[in-house]
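# Examination of the molecular architecture
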Amino acid sequence: MNQRTPWSKPILTPHRPGGMNKFGALRPQLHQSELDGVAIMPLLEQYGSPLFIVSEKRLRENARHLRRAFSTRWPKVRHGWSYKTNYLGAICNVLHQEGSWAEVVSELEYRKARALGVPGSRIIFNGPWKPAAALEQALLEGAALHLDHLDELFAVEQIARRLGKQVPVGLRLNFDTGHTEPWSRFGFNLESGAAMDAARHIGASQWLQLTGLHSHIGTFVLDVRAYAQQARIMAEFMETVERETGCRIEYLDIGGGFASHNALQGLYLPPDQVVPSFEQYAEAIVAALTDATRGRAALGKPLPVLVLETGRAIVDDAEVLVTRVVGGKRLPDGRRAAILDAGVNLLFTAYWYNHDVRPLQPSEGLAEETVLYGPLCMNIDTVRASVMLPPLNLGDALLISPVGAYNNTQWMQFIQSRPAVVMVMQDGSIEPVRLAETLQTLTDPERVPEALRAPFPNPSPSR
Amino acid sequence: MDNNQDRQGKSLELPKPENLMRLALSDSGFVFDPVSGNSFSVNGSGMAILRRLQQGTDLTRIVASLCEEFEVDALAAERDVIEFANLLRNTFR
Ligand SMILES: Cc1ncc(COP(=O)(O)O)c(C=O)c1O
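Keep in mind that this is a model prediction, so the values were computed, not measured.

Another aspect to go through is the overall build of chain B. Across its full length, chain B carries 5 helices and 4 strands. When the elements of chain B are put in sequence order from the N terminus, they spell out α-α-β-β-β-α-α-β-α. Scored against the burial criterion, the 93 residues of chain B give a buried share of 48%. Within chain B, counting contacts between residues at least 6 apart in sequence, those at least 24 apart form 54% of the total.

The structure is reproduced here in structure tokens:
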């Protein structure tokens, strides 16, 4: 037999004016077979597909990059790791080792941080619901407590009275920066005077001491001017409350929200062109803060600590999801579709990002517009509505990135169970950081009443 | 494979050769449809199938000749031809 040509699936790609989109058709065919120098395919074989892979190296680099960008510009900087962005223990502890505190928004997250060994004095406790027991524990352990509403303020005052000690508290503020949608449901509103009312109450209380101001203006905020305005407004409010209530503000916490290098749906330009660097955010924030606190030095008042709660911009590009093609079809409109073993059950962020998708192996074939579906029997389960990809064969592996933010916390055990997460350690070794779930994970907490133990108690052969 | 041959030949509606005859094909994989004015890129296996369909070759023989020319088994080739023929049928009416 003569030499046969390798087979790849037949493809017919229409030429459209301007290509698929601004980049799709023109983009060179990329593939990625390694992460931090470690071959991915053997990991997929060992731990099963789909598989989340975290890069310890990238995580540390990102944390250091953020710290460097700010601490070279402002004397006192603190980072609180936003647990809800990704609270896998291994990820939290990498960031704690880099000096980050824990930023938690529920009793569960608070307890998770404590269980990991984080002292209460390095926990920032945010969120609209902190049960009384959690409030008391946080006060006793010296956490930075950010009050969200008046009921909470009064609850904390009562606890402090019962404990017989004055406790430091922070106030969560909300206000209009002019550049972002105001998140007015969290914290005390500044424009309406509610924030000042709360500060006055605290100032007059013998049990409470206002030491910090907090706000979080949104997430994936691309406009650095929003942060400049936020910093200015908070610094001005600091001056006002100090003057009016005699308190001393030790820190200004500007929350999270820096954009990660991910492609937000609806944005025309790729992330590299629209996402500000940490330096650009830092420059805008510190310039505004410096300007607004100019008078303090003259009065002998210390500058506040600048607290950041950056989540997605630290972890997003430190994690990838590897998935396999489990089926393919041609849609009635001619487009190719591939069915993957990972869908929106694992990739919650597919609802708002167009993730980068590339094959693990190089492929010679022509790229074609492709729809990527997940494995759920649900119409909403689309990983990418349109992406240019080379020919895909059954079993081919695809690498989806960045996926580090909000997926390992918002993933669902729905129809499928959740897969393993492994970490590529700095030294190139591999550590499982979350085991793949099994049927038992699903059924263990269930109890089937005695009377319901048998699914077919009276077997009737004719039915 | 043998007992499939009968079924193959009959069950598939192939694109009409006359609808494919009008297409201008170049060896580099460029396809031009003078009726719609649209142009396309086709890969090597697609071109091989397209040329055979233009000649009115039936499915059994297309699959057999693809297996000779390409590193593909008959079942995989048949699956891909079925899907591709459908795409051609709907693209070039
Ligand atoms: C109070 C608070 N801090 C920090 C974050 C982290 O935000 P991001 O991941 O956008 O940086 C959030 C997220 O919503 C938040 O609500």
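There's plenty left to go through after this.
Another aspect to go through is the interface of chain A and chain B. Counting residues at the interface gives 18 residues for chain A and 26 residues for chain B. Broken down residue by residue, the surface that chain A buries against chain B is led by R4, W7 and L12 of chain A, which jointly contribute 38%. Where chain A touches chain B, the interface holds 1 salt bridge. Among the salt bridges present, the one from K9 of chain A reaches D80 of chain B, with a minimum N-O distance of 2.8 Å. Linking chain A to chain B there are 14 residue pairs in polar contact (both at pLDDT 80 or more). Within the residue set of the side of chain A that touches chain B, elements represented by two or more residues are β1 (5-6), β2 (12-14) and β15 (319-330) of chain A. Classifying every residue of the side of chain A that touches chain B gives 7 nonpolar, 7 polar and 4 charged. Here 2 bridges tie β1 of chain A to strand β4 (residues 70-71) of chain B, and the two strands are oriented parallel to one another. Residue P6 of chain A lies in a different strand from β4 of chain B, and its bridge partner there is E71 of chain B.

Residues and elements named next belong to chain A. Around the ligand lies a shell of 16 residues, among which T219, G257, E309, G311 and Y406 are the nearest. Contacts to the ligand include G257, whose backbone N or O atom sits 2.8 Å from an oxygen atom. G311 places a main-chain nitrogen or oxygen 2.8 Å from an oxygen atom of the ligand. Its residues assigned to classes, the shell around the ligand comprises 1 nonpolar, 10 polar and 5 charged.

What follows is about the side chain of H355 of chain A. Residues and elements named next belong to chain A. You can see H355 is positioned in the loop between β16 (336-340) and β17 (356-359). A distance of 2.9 Å separates the side chain of H355 from the side chain of T349, its partner in a polar contact. Excluding residues that lie within four positions of it along the chain, H355 makes contacts with N262, L347, T349, A350, R384, I400, S401, P402 and V403.

Here we take up the packing of aromatic side chains. Residues and elements named next belong to chain A. Throughout the structure, instances matching the rule amount to 14 aromatic pairs over all chains. Geometrically, the ring pair formed by F258 and F278 is tilted, given 6.4 Å between the ring centres and 50° between the ring planes. Placement of F258 in the loop between β13 (251-253) and α9 (271-274) and of F278 in helix α10 (residues 278-292) is noted, with a sequence separation of 20 residues between them. When sorted by exposure, F258 lands in the same class as F278, which is buried. Taken together, the ring pairs connect F70, Y227, F258, F278 and Y281 into an aromatic cluster. Between R78 and the ring centre of W101, over which it is positioned, the NZ or CZ distance is 4.0 Å. A cation over an aromatic ring shows up here: K130 above the ring of F125, its NZ or CZ 5.8 Å from the ring centre.

The next thing to look at is helix α8 (residues 224-245) of chain A. Along an α-helix, residues three or four positions apart point the same way, because every turn accommodates 3.6 residues. Between its terminal C-alpha atoms α8 of chain A stretches 31 Å, which fits the 32 Å expected from 22 residues at 1.5 Å a residue. Of the residues trailing α8 of chain A, G246 of chain A is marked for its positive phi of about 75°.

A few words now on the domain arrangement of chain A. All names here are of chain A. By domain assignment, chain A separates into domain 1 (34-53 + 317-438) and domain 2 (126-310). For domain 1 versus domain 2, the distance between C-alpha centres works out to 37 Å. Listed by partner, the interface residues are 8 residues for domain 1 and 7 residues for domain 2. Interface area for domain 1 against domain 2, summed over the two sides, is near 670 Å², with a carbon-plus-sulfur share of 41%.

All right, on to the pattern of salt bridges then. Inspection of every chain in the model, using the stated rule, returns 31 salt bridges over all chains. With its nearest N and O atoms 2.7 Å apart, the salt bridge here joins E283 of chain A to R73 of chain A. Here R73 of chain A lies in the loop between α2 (56-71) and β6 (77-82) and E283 of chain A lies in helix α10, a separation of 210 residues in the sequence. The salt bridge involving D33 of chain B is made with R22 of chain B; its shortest N-O contact spans 2.8 Å. Here R22 of chain B lies in the loop between α2 (17-21) and β1 (24-25) and D33 of chain B lies in the loop between β2 (30-32) and β3 (39-42), a separation of 11 residues in the sequence. A network of salt bridges, in which partner residues are shared, links K9 of chain A together with R79, D80 and E83 of chain B.

Once that is clear, we can look at the sheet that holds β2 of chain B. Taken together, the 4 strands give an open sheet; going across it, the order is β2(A)-β3(B)-β2(B)-β1(B), and neighbouring strands pair in antiparallel fashion. Looking along the sheet, the strands with just one partner apiece sit at the ends: β2 of chain A together with β1 of chain B. Here β1 of chain B runs beside β2 of chain B; their pairing, made up of 2 bridges, is antiparallel. Pairing of L25 of chain B across the sheet is with V31 of chain B, part of β2 of chain B. Each of β2 of chain A together with β3 of chain B is contacted by helix α5 (residues 74-91) of chain B, which is oriented at about 30° to β2 of chain A, the strand it contacts most.

This part covers the side chain of R296 of chain A. All names here are of chain A. Along the chain, R296 falls in helix α11 (residues 294-298). Within polar-contact distance, the side chain of R296 engages the side chain of E242 at 2.9 Å. Apart from residues no more than four positions distant in its own chain, R296 is found in contact with M238, E239, E242, R248, I249, K301, P302, L303 and P304.

Moving on, we get to helix α7 (residues 194-204) of chain A. Residues and elements named next belong to chain A. What α7 keeps buried is the set A195, M196, A198, A199 and I202. Viewed along the axis of α7, the buried residues span an arc of 160°, placing them on a single side of the element. Away from its buried face by more than 90 degrees, α7 exposes D197 and A204. Buried positions along α7 lie against β9 (144-147), α6 (150-163), β10 (167-174), β11 (188-189), β12 (208-214) and α8.

Conventions and cut-offs
Residues numbered from 1 in each chain as written. Chains lettered and ligands numbered in written order. Predicted model: local features only at pLDDT ≥ 70, side-chain atom pairs only at ≥ 80, totals over all residues. Heavy atoms only, no water. Helix = DSSP H or I, 4+ residues; strand = E, 2+ residues; numbered from the N terminus. Buried < 20%, exposed > 50% of the residue type's maximum accessible area, 1.4 Å probe, protein only. Contact = heavy atoms within 4.5 Å. Buried area = accessible area lost by both parts, 1.4 Å probe. Salt bridge = Lys/Arg side-chain N within 4 Å of Asp/Glu carboxyl O. Polar contact = N/O pair within 3.5 Å; in protein donor to acceptor, adjacent residues only side chain to side chain. Nonpolar A, V, L, I, M, F, W, Y, C, P; charged D, E, K, R; others polar. Pairing = 2+ DSSP bridges. Near = heavy atom within 4 Å. Phe/Tyr/Trp six-rings, centres within 6.5 Å; stacked < 30°, edge-to-face > 60°. Lys NZ or Arg CZ within 6 Å of the ring centre and 35° of its normal. Expected span 1.5 Å × (residues − 1). Domains from an automatic or database assignment. Axes fitted to C-alpha atoms, helices over the stretch in contact; angles between N-to-C directions. Arc of directions from axis to C-beta.

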